[in-house]
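Each chain, letter by letter, is given below.
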Amino acid sequence: MRILVVEDQRKTAGFIRKGLAEHGHAVDLAGNGRDAESLARATDYDLILLDVLLPGQDGFEVCRNLRRLKVTAPILMLTALSSTEDKVRGLDSGADDYLAKPFAFDELLARVRALGRRPRGTNPRLKVADLELDPATRKVVRAGKPIALTAREFALLEFLMQRAGQVVTRTAIAERVWDIHFDSESNVIDVYVNFLRKKVDREFAFPLIHTVVGAGYVLKDTRGEKGYR
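Residues numbered from 1 in each chain as written. Predicted model: local features only at pLDDT ≥ 70, side-chain atom pairs only at ≥ 80, totals over all residues. Heavy atoms only, no water.

**Student:** What is the right way to look at the sheet that holds strand 7 (residues 131-134) in this model?
**Tutor:** Either a parallel or an antiparallel arrangement is found when strands of a sheet pair, and the pairing is made through backbone hydrogen bonds. With antiparallel pairing, the 4 strands of this open sheet are ordered in space as 6-7-8-9. The sheet terminates laterally at strand 6 (126-128) and strand 9 (145-147), the two strands that pair on one side only. Averaged over all pairs of adjacent strands, the angle between their axes in this sheet comes to 20°, without regard to strand direction. Of the strands in this sheet, strand 6, strand 7 and strand 8 (139-142) touch helix 6 (residues 151-162), which is tilted by about 115° from strand 7. (Pairing = 2+ DSSP bridges. Helix = DSSP H or I, 4+ residues; strand = E, 2+ residues; numbered from the N terminus. Axes fitted to C-alpha atoms, helices over the stretch in contact; angles between N-to-C directions. Contact = heavy atoms within 4.5 Å.)

Structure, rendered in structure tokens:
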């Protein structure tokens, strides 16, 4: 997922960013409400982690502003203010969930997974031909054979499967699977697509990941179709 973390404490922000990145998420950081609103208007985030105690306008105000700006991404508020009144205020300002500090990182990951599943309904499993991916358990199986993927490979495959049958550009992949600091001149996307092909396609009866020359990539069962490679 592409996640925006709004946190003014650099050490805390760095800790959260590192942990989320290790689980395959692309993470952007904002240290205040103004930067958060600017990034959220420009980028279609899957989730926003929003601290309450920010310099200038607090997280409650930022949350209300984001909703007024029609930002629909789920918002998880993170704060040391843990009273029932504070939680109610956060939810009433437009947040989807509220996690009090200090928190166990495993709990944060569980909340992130839960909020990330909401738009896809109660059954988040993705299936294309004989390839299956379960975001909840992070398991990938093809033709009954488990496939071990790194966090970044999993994120890339999940993105391709969510858009199965659609051509996705390298720019779209960079925006969703990597973060705002991604080097557009790098060939890292092509490298990771090749990693996936070796694991997802090479030992199976037919390929699912295809290059569309001059456009990008598509994950699709193209048996019987021409023009794919």
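**Student:** Before we go on, may I ask you to explain the pairing of strand 2 (residues 26-30) in this structure?
**Tutor:** One face of the sheet, then the other: side chains in a regular strand alternate in exactly this way. By the criterion of burial, strand 2 is predominantly enclosed, with 4 of the 5 residues buried. The sheet contact formed by strand 1 (residues 2-6) and strand 2 spans 5 bridges and is parallel. Note on strand 2: the bridge partner recorded for Val 5 is Leu 29. (Buried < 20%, exposed > 50% of the residue type's maximum accessible area, 1.4 Å probe, protein only.)

**Student:** Explanation requested: helix 7 (residues 170-177) in the structure shown.
**Tutor:** Helical geometry note: an α-helix holds 3.6 residues per turn, so side chains three or four residues apart project in the same direction. Turning to helix 7, its buried residues are Ile 173, Ala 174, Arg 176 and Val 177. Looking at the buried positions of helix 7, the neighbouring elements they touch are strand 1, strand 2, helix 6, helix 8 (188-200) and strand 11 (216-219).

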